[in-house]
Structures are given as C-alpha cells and as structure tokens.
Amino acid sequence: MVFPFTGSSATTNGTGASTNAQVNLPSGIQANDLLLIIHRTAVAGAHTYSGSGWTELKDGSPDASDDNMSLAWKKADGTEGAFWNITQGSGKFATIALRITGSADPTIQPPEASTDATGDSTTPDPLALTGSGGSKDYLWLWMGGWEGEQTSPPAGAPTNYSGSLGANSGTGGLPTTNVRVAYAQRSLTAASEDPPSWTISVTDSWTAWTVIIHPVPPPPITKTHTIDILLKATQTKTHTTDIFLQSPSVSKTHTADILLLQTQSKTYTSDLLLQAT
C-alpha cells in the first residue's frame, strides 16, 4: 500500500464575530480528493456546513469552555472553489482545511476519529485510536483546538509528528473570546496509535482527537487454475474358450454354445464339445 498524504492545506483566522464563517479551502482540489476541516467557534452553537456532501465526525462543546468544535469531511467533486461557508453561533473562529490524496474512497471507508479528549491544562493529549481495518499504512492526524490567545501553532510538534499547522482568531478582546486550532501528521503502519501531548503556551480548555485516514486498498488478486482430468475408459474384453470333454459313458456327440453372464463389463464365450467314445 501507499500512505495517504496531505496535498495542500488552508487556514482561516476568523478575527471578527460572525454567524456565517467563510473558510478557505486548499488549492488544487481535484475530483475524488478527500477534504477534511477542523473548525472551532468561540461560542456555543452547532456548525452547519453549507451545500451537500459534508459528513460531520464531530460537532459539539465537549470541553469546559462554551466553545463549539466540529470535524467534517467531504469527497471532492472538483467544483468546490476557494471557499466554503459554515453557519455557527455569532463568534470569532479558527479553521484548518486539508486536501488529502491517496486515500480510500471516503464514501466506502470514511476517516475515523477517537473519542473526545478534553482538559484544562497546557498539554492537549488525544486518546488512542484503533483503525477498523487492522494494521494498514494509515495517515495519522493529531487534531485539536482550545480557547485563548496561545502561540499558534504551538511550538514544535508532538513526538514523531510533523507538518504542524495552526489557525487562530487573533488576540483582540478577552482571551475567552478567542480560539486556536492545530494539527500535525504521521505516516505509520500500525493497527493503533496513541499520539503524545502537544504543549501550548498558556493553560486553557482544550479538546483533541486522533484521526486516521485509510489508504487505498490493494486490488483483488485473481488466480486462474486449469485442471486436466484424464478419465480411463472401461475396456470390454471378449474371451473365447474351447473346452473338449471326453466321456466313455456317452454314446452321442453334443455341441453346445454356452454364453456366460457379463460381469464387470467383460464377456466370456465358451464352446463345449462333448464326444462319446
């Protein structure tokens, strides 16, 4: 198999409160690419992705803040354009959008996300996740968001992860009116993974997930077997036996043709000549 990979990405720093977040989409979107969005709003209220084709893996306010977070995917048709709209509660927001290639068809095998991990600390730490398909060449994603005005993205990256990326709503107003999201990735052949924590600069309420992207499955193997079977024909054999018997007590000569019953596809014919002396 070949690992899925992030072909391009885009971030949106929603520094102004809005009920309609216009978020940037990655460049180079082609039909059948996998699009994945993580979105956090600084207020409560479910997220609604406009148009059709989006499937939400997550949508809610799991941590101690009143912020709402969602995680959604879409199988691209190539006509998405440069932006997408997400309806939300009126607040500032932050968004990361990924374009992933080389993945399994998400309508058959969608991305998977771990159970919500939440906390109020400087160490967001997603929970372990086991892929439904056993060990594969997965693309593992560390994805999370938090309230506040921390450095964005956080310094460094989780151990063994790379490609870190962040988005934020700025630092205007109170810290409680601002949000951050971040992601990093790892290509790893394994059945399960428990990503390490990622240190943020200031303590606040956070939510984090482990997400896996399935690779394209290998093509089925077709084998053709030719079996030659040789059948042996049943042979019919005819045996002719001449038997000459002499008897001193018989004064007449008798000739008799005796046909013996066929047994096991064999026929025996015997000529019996009796002659008196």
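The preceding data block contains the structure.
Residues numbered from 1 in each chain as written. Predicted model: local features only at pLDDT ≥ 70, side-chain atom pairs only at ≥ 80, totals over all residues. Heavy atoms only, no water.

Re the overall build of the protein chain
Okay, step 1: A count of helices and strands for the protein chain gives zero helices and 17 strands.
Okay, step 2: Within the span of the protein chain, comprising 277 residues, buried residues form 41% of the whole.
Okay, step 3: Carbon and sulfur atoms make up 53% of the accessible area of the protein chain, which totals about 14100 Å². (Helix = DSSP H or I, 4+ residues; strand = E, 2+ residues; numbered from the N terminus. Buried < 20%, exposed > 50% of the residue type's maximum accessible area, 1.4 Å probe, protein only. Areas by Shrake-Rupley, 256 points an atom, 1.4 Å probe, with all protein chains shown as cover.)

Focus: the pattern of salt bridges
Okay, step 1: Scanning all chains against the criterion turns up seven salt bridges.
Okay, step 2: Across the pair Asp116 and Lys58 runs a salt bridge whose closest N-O atoms are separated by 3.2 Å. With Asp116 in the loop between strand S7 (112–113) and strand S8 (117–121) and Lys58 in strand S4 (residues 54–60), this residue pair connects regions lying 58 residues apart in the sequence.
Okay, step 3: One salt bridge in this structure joins Glu80 and Lys74, with 2.7 Å as the shortest N-O distance.
Okay, step 4: For Lys74, a relative accessible area of 4% gives the class buried. (Salt bridge = Lys/Arg side-chain N within 4 Å of Asp/Glu carboxyl O.)

Concerning the nonpolar core
Side chains that are nonpolar tend, in soluble globular proteins, to be buried together.
Okay, step 1: Within the largest apolar cluster, 21 residues are counted, with the highest numbers of intra-cluster contacts made by Leu36, Leu141 and Met143.
Okay, step 2: Looking at this core, the elements with two or more residues in it are strand S2 (34–41), strand S5 (68–75), strand S6 (83–101), strand S10 (136–147), strand S12 (179–190) and strand S14 (204–213).
Okay, step 3: With four residues, S6 is the largest single contributor of residues to this core.
Okay, step 4: In this structure Met143 touches Leu36, Ile38, Leu71, Leu98, Ala182, Tyr183, Thr207, Ala208, Trp209 and Val211, once residues within four positions along its chain are discounted.
Okay, step 5: Counting residues in hydrophobic clusters, the runner-up holds 15 residues, among them Ala117, Ala182, Ala184 and Ile212. (Core = buried A, V, L, I, M, F, W, Y, C linked by side-chain atoms within 4.5 Å. Contact = heavy atoms within 4.5 Å.)

Details of the packing of aromatic side chains
Okay, step 1: Overall, the coordinates contain five aromatic pairs when judged by the stated rule.
Okay, step 2: On the basis of an interplanar angle of 70° and a centroid distance of 5.3 Å, the ring pair of Tyr138 and Trp140 is categorised as edge-to-face. One exposure class covers both Tyr138 and Trp140, and it is buried.
Okay, step 3: Grouping aromatic residues by their ring pairs yields a cluster made of Tyr49, Trp54 and Trp84. (Phe/Tyr/Trp six-rings, centres within 6.5 Å; stacked < 30°, edge-to-face > 60°.)

Considerations on the side chain of Thr207
Okay, step 1: Locating Thr207 in the fold gives a position in strand S14.
Okay, step 2: Only 2.7 Å separates the side chain of Thr207 from the side chain of Asp63, close enough to count as a polar contact.
Okay, step 3: When near neighbours in sequence (up to four residues on either side) are disregarded, Thr207 contacts Arg40, Pro62, Asp63, Met69, Ala117, Thr118, Met143, Gly144 and Gly145. (Polar contact = N/O pair within 3.5 Å; in protein donor to acceptor, adjacent residues only side chain to side chain.)

Re unusual backbone geometry
Okay, step 1: The linkage connecting Ser152 with the following residue, Pro153, adopts the cis geometry, with an omega of -5°.
Okay, step 2: Of note, Pro153 is situated in the loop between S10 and strand S11 (162–168).
Okay, step 3: Positive phi, close to 80°, is recorded for Asn32, a residue that is not glycine.
Okay, step 4: Here Asn32 lies in the loop between strand S1 (5–24) and S2.
Okay, step 5: Residue class for Asn32 comes out exposed when judged on its relative accessible area of 52%.
Okay, step 6: For Asn160, which is not glycine, the phi dihedral falls at a positive 75°.
Okay, step 7: Within the secondary structure, Asn160 is located in the loop between S10 and S11.

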